Amino acid sequence: GVDGELSLRRAWMAMRDQELDTLCIVDKDQYLKGVITVKDVATANMDGMDPHSLEIAKTSYQNLLDILYGTVLVGDVTGKTVEGRIVIGSGSAEQIEKSIAPGDIVVVSNRAESLLAALEMDAGCIVVCASSKVSRTMQMLAEEQGCILRTTEMSSYVAGLMLRQAAPIRHYMTQDNLLTFTLHTPVETATKVMATVRFRYFPVLDDDGKYIGV
């Protein structure tokens with residue numbers, strides 16, 4: 001079983017590497033919370049154009065750091081969740097200032113004026129792309145503002161796409177009317193049930209109702 005905080009990106013990678021199309025989501029005590037399929041991940045990615053998607057899903061900043069790769073220059077992400085939109089900081093500084101609200105995640109290139117504009121508008125997190133250098137002055141200003149500042153090797157285009165895949169799978173999992181079996185379910189019974197639906201994997205629970213396999 002996997003943690004519900006796992007990002008869509010990591011879930012897809014696990015399915016790809018293990019050649020599965022379903023992951024079972026469990027809590028810390030191994031009780032089944034839900035399941036997510038490749039179709040669910042694909043649908044979430046296609047529907048993830050809403051700039052508020054990470055905020056709605058209560059995405060942790062740790063998920064953002066995990067999928068973007070790179071270095072955190074300023075800020076502590078422990079226990080913090082996204083509280084704004086995803087904004088690509090392109091155009092002039094004036095245009096950037098008009099498009100940013102407090103708490104937003106802003107993706108910028110290596111232009112110092114773009115970074116400064118995002119800081120002045122109280123961005124919650126700024127992602128500086130293409131491994132661009134950030135001056136000590138900018139880092140100090142970000143620290144004063146309480147803004148998380150990080151760099152990534154990715155371009156602003158790629159980073160903007162990847163950010164949407166940081167949402168936790170618990171937000172997209174199926175948790176109602178799950179088809180499960182126990183260790184004592186007769187094979188004949190399981191076969192009949194499996195023949196009536198299009199799913200390929202079914203959670204198996206032990207006598208205490210805890211998840212032990214598929």
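Above: the structure in question.
Residues numbered from 1 in each chain as written. Predicted model: local features only at pLDDT ≥ 70, side-chain atom pairs only at ≥ 80, totals over all residues. Heavy atoms only, no water.

Draft legend 1. Representation of the packing of helix H6 (residues 112-120) against helix H7 (residues 136-145) within the structure. Closest axis-to-axis distance for the H6/H7 pair is 10 Å, and the angle between their directions is 15°. Relative to H7, H6 is oriented roughly parallel. The crossing of H6 and H7 is left-handed. On the side of H6, the interface is formed by Ala-112, Leu-115, Leu-116 and Leu-119, while H7 contributes Met-138, Leu-141, Ala-142 and Gln-145. (Axes fitted to C-alpha atoms, helices over the stretch in contact; angles between N-to-C directions. Helix = DSSP H or I, 4+ residues; strand = E, 2+ residues; numbered from the N terminus. Parallel < 35°, antiparallel > 145°, perpendicular 65-115°, else oblique. Left-handed = near helix turned anticlockwise from the far one by under 90°. Contact = heavy atoms within 4.5 Å.)

Draft legend 2. Seen up close, the pairing of strand E6 (residues 125-128). Along E6, one buried face is formed by Cys-125 and Val-127 and the opposite face, lined by Ile-126 and Val-128, is buried too. Bridge count for strand E5 (residues 105-108) against E6 is 4 bridges, and the pairing is parallel. Residue pairing across strands places Val-108 opposite Val-128, the latter belonging to E6. Following the backbone out of E5, through H6 and into the adjacent parallel E6, one traces a crossover that is right-handed. Where E6 lies against strand E7 (residues 148-151), 4 bridges are found, and the strand directions are parallel. The partner of Val-127 across the bridge, within E7, is Arg-150. After leaving E6, the chain enters H7 and then returns to the sheet as E7, a path that is right-handed. (Buried < 20%, exposed > 50% of the residue type's maximum accessible area, 1.4 Å probe, protein only. Pairing = 2+ DSSP bridges. Right-handed = clockwise from strand over helix to strand, strands pointing away.)

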